[in-house]
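# Breakdown of the fold
What follows is each chain in one-letter form.
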Amino acid sequence: MNEVQPPDMLEFIATCPKGIELLLAEELASLGGEPGKTTVAGVHVRASLETAYRFCLWSRLANRIVLCLVRKEGIETADELREATAAIDWRNHLKPGGTLAVDFHGHSEAIRHTRFAAQTVKDGVVERLVAEGRERPDVDLQRPDLRLYANLHRGRLTLGVDFSGDSLHRRGYRRDVGHAPLKENLAAALLVRAGWPALSKQGAPLVDPLCGAGTLLIEAALMAADIAPNLARERFGFHGWAGHRAAVWQEVRREAEVRASIGRKRCRARLFGFDESPPALAAAQANAMRAGIPALIELHGASLGELVNLPDKPQDNPQGLPEIPRGLLITNPPYGERLGELPELVRLYGQLGERVKAAFPGWQLAVITANPDLGHRIGLRAHKVYSLKNGPLDARLLLMQVPEHVGAQAAPDAAPVRSEGAQMFANRLIKNHKRLRKWLKQSGERCYRLYDADMPEYALAIDVYDDRVHVQEYAPPKTIEPAQAQKRLFDALSVIPKVLDIAPDNLVVKRRERQSGKAQYRKQATSGERFEVREGRARLWVNLRDYLDTGLFLDHRPVRRMLGNMAVGKRFLNLFCYTGAATVHAALGPQKADAETPGGASESVSVDLSNTYLDWARDNFALNGLDPSRHRVVRDDCLRWLETAGTEFDLIFLDPPTFSNSKKMADTLDVQRDHGRLVRLAMARLAPGGTLVFSNNQRRFQLDSELTRFYEVEDISAKTFDPDFKRRPSLHHCFLIRHRETSA
């Protein structure tokens, strides 16, 4: 069979990540193509076969190069799709005995599943070949001879031969991708936007201070050394195409090999990567080896805080690294997709800006981020901003000029300049701490609330747990724009570690929203990171990361202290016991025990429906050496347990949730609606002369007036707030309830 001779000029479409279409059009033109219409994530281009081969080998930005066979309007049904496919003479494209695969994208009213659509295209190919007396082709999804690309958008069908085979962004060097991989062609686009091709020809250096697995460095090295990005690829999609001209391809490839050999020797640019993660550096080194450019890249283990420009004189250079003139800093830092990552990232972006300004005056800085507010933390104004897609994320490339100044004199850990709002917030934290200082010294408390939305603009609750800080973000007032609230949150997170003298990774952030059902029991994370704190004589486990609450309600501290004083020698019942902190206090007794009051409750029962928190309570009991035979935990619905229990108690603590609709319960629980019944059931278990301590956190709670007819009720809410919660007198309500002497 004679080799099929394609026409001199062919129609192609080159696909790419969204946001870099114009860059791709410029690249295709530089490679000899004639770009036409630009679409979303694609460019139409005319080119000779030789130029198309060059696209596949040299394009740093494209995903796929597709030879267009049909572009047709009005395709809505499967029959129309099959007929349009069958109209093509497939003998010019599929060799006898060749295998086939179809990649389909898009949909219509009648065509909703891509697998069905791909099958329909395959049926059209088979229909035409069989009608012409050719054998039916087999389907091979992994390594077909001919891979077809089909796209259906608003009735317009684009169908063609995929010259790429596998996506061109897969260069083949990257097997170790690190924590947050950046696709190779997107990395190349960032470098082009940042002006690296021109800088590299001038011999300028490039530094990635957070290099990870080294994708930006490797793509930059391939550009600087004039190496075709897909030179190492053994097979392209056009290799199984009937119109493939091997001699033309071999000439294009030989040219690229010669240019690569010369480029490696003549490359003047120097590239440096820094990362504090040994596994990331090992991955970067392995990737550079596979890319064939290990000699062009220097990798160094260093944190961002240790980042310094390299000195002019070798004798002043402790790391033995050569001098680096001005050049390009480019990096892809984490974006903070999860709220809990923000404290560390606010610090990281701020530190990036400070180190760059201190150590790299006059350099260019390019940062890609999906969180513009984090980008603002760098403290440099972006003179250009480009929008693009990094996978599913809307991202921006920020291009900044580092100002000229004598940066070497700046200390590595120099504090960033605070905004007026951030300084105002810092001043409030300092003021609050000063107000609480005397009480903290006298009480010895190390777990307390420092700030509780004192300033409406900063709607946060900040709790200190020894050397850790738990920040809860309230929903901002409707008068405050979400973007402004986000900026203020970042302001707060940037100053909290410095003001409170804690490590940023000891700062945990959560968003406090209205909870219902068993949301309070639902895990927020899976760190398993718990640590011990002290409250009076009690030792307690807390976990700041994994749940909405921490295991210790700080506002109930005075109530727990009171229970410890009241429980000496008594039988104690803790209903809705949570993590058992109140039971621990009751079992240990008064905070300042002496010979006359050596211990607390003689025995206790703690009831809750959550296995998670009952296990936590058991751990708290063990931490304090409580005898499990005297201090029992019971898993049950508290209402059901009270209805069937036959034991009396001298002291009962009833602290129900505001609302619960747990599937483990027979019915929902609403503390305002149901507290009367709960109190009556608890009072039925209260021994004569005993006390029920009833507490809840319903802000607008109103006690059932019927209860005061049958029992002695004392509202002690105002007495159950320590100085750190004085600003929130409605945060909880607390009552002492006793049997009347005349009631039996």
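Residues numbered from 1 in each chain as written. Predicted model: local features only at pLDDT ≥ 70, side-chain atom pairs only at ≥ 80, totals over all residues. Heavy atoms only, no water.

## Regarding the confidence of the model for the protein
- With 90% of its residues at a pLDDT of 70 or more, the protein shows a mean pLDDT of 89.
- Within the model, pLDDT remains below 50 along residues 406-415, and this stretch shows 13 contacts once partners closer than five positions in the same chain are excluded.
- For the stretch residues 515-521, pLDDT sits under 50, and the model shows 14 contacts to residues farther than four places along the chain or on other chains. (pLDDT = per-residue confidence, 0-100. Contact = heavy atoms within 4.5 Å.)

## Quick notes on the sheet that holds strand 15 (residues 447-452)
- Read from one edge to the other, the open sheet built from 4 strands follows the order 15-16-17-18, with strand pairing classed as mixed. On the outer flanks of this sheet lie strand 15 and strand 18 (507-512), each paired with one strand and no other. The sheet shows a mean angle of 20° between the axes of neighbouring strands, direction not considered.
- As paired elements, strand 17 (residues 468-474) and strand 18 share 6 bridges and run parallel to each other. Note on strand 18: the bridge partner recorded for His470 is Val508.
- Together, strand 15 and strand 16 (460-465) form the strand contacts of helix 12 (residues 420-443), whose direction differs from that of strand 15 by roughly 145°. (Pairing = 2+ DSSP bridges. Helix = DSSP H or I, 4+ residues; strand = E, 2+ residues; numbered from the N terminus. Axes fitted to C-alpha atoms, helices over the stretch in contact; angles between N-to-C directions.)

## A word on the packing of helix 12 against helix 13 (residues 482-500)
- Between helix 12 and helix 13, the least distance of the axes is 9 Å, while the angle of their chain directions is 40°. Between helix 12 and helix 13, the angle falls in the class oblique. Judged by the sense of rotation from one axis to the other, the crossing of helix 12 with helix 13 is right-handed. Across the interface between the two elements, Ala422, Phe425, Ala426, Leu429 and Ile430 from helix 12 touch Asp491, Ala492, Val495, Ile496 and Val499 from helix 13. (Parallel < 35°, antiparallel > 145°, perpendicular 65-115°, else oblique. Left-handed = near helix turned anticlockwise from the far one by under 90°.)

## Notes on the side chain of Asn624
- Mapped onto the secondary structure, Asn624 falls in the loop between helix 16 (611-623) and strand 23 (631-635).
- Here Asn620 takes part through its backbone oxygen, which lies 2.8 Å from a polar atom of the side chain of Asn624.
- Not counting the four nearest positions on each side in its chain, Asn624 is found in contact with Arg537, Ala538, Arg539, Val584 and Leu588. (Polar contact = N/O pair within 3.5 Å; in protein donor to acceptor, adjacent residues only side chain to side chain.)

## What about helix 7 (residues 215-224)?
- Within helix 7, 10 of the 10 residues are buried, which leaves it mostly tucked inside the rest of the structure.
- Following helix 7 by one or two positions, Asp226 adopts a phi angle in the positive range, close to 55°. (Buried < 20%, exposed > 50% of the residue type's maximum accessible area, 1.4 Å probe, protein only.)

## A few points about the environment of Arg245
- Checked against the element boundaries, Arg245 lands in the loop between helix 7 and helix 8 (246-266).
- For Arg245, a relative accessible area of 29% puts it in the partly exposed group.
- In sequence terms Arg245 and Gly589 are 344 residues apart; their C-alpha atoms lie 90 Å from each other.

## A word on the packing of aromatic side chains
- Scanning the entire structure with this criterion turns up 21 aromatic pairs.
- Judged by centre distance (5.3 Å) and plane angle (65°), the rings of Phe236 and Trp249 are edge-to-face. Separated by 13 residues along the polypeptide, Phe236 in the loop between helix 7 and helix 8 and Trp249 in helix 8 bring together distant segments of the chain.
- Residue Phe236 is classed as buried on the basis of its relative accessible area of 1%.
- Taken together, the ring pairs in this structure connect Phe12, Tyr53, Phe163, Phe236, Phe238, Trp241 and Trp249 into an aromatic cluster.
- The ring of Phe531 carries Arg468 above its face, with NZ or CZ at 3.9 Å from the centroid.
- Positioned above the aromatic ring of Trp541 is the side chain of Arg530, whose terminal nitrogen or guanidinium carbon lies 4.3 Å from the ring centre. (Phe/Tyr/Trp six-rings, centres within 6.5 Å; stacked < 30°, edge-to-face > 60°. Lys NZ or Arg CZ within 6 Å of the ring centre and 35° of its normal.)

## Things to note about unusual backbone geometry
- Notably, Asp501 is not glycine yet its phi reads approximately 55°, a positive angle.
- The class of Asp501 is exposed, set by a relative accessible area of 70%.
- Backbone geometry places Phe576, a non-glycine residue, at a positive phi of 55°.
- The topology assignment puts Phe576 in the loop between strand 21 (571-575) and helix 15 (581-588).

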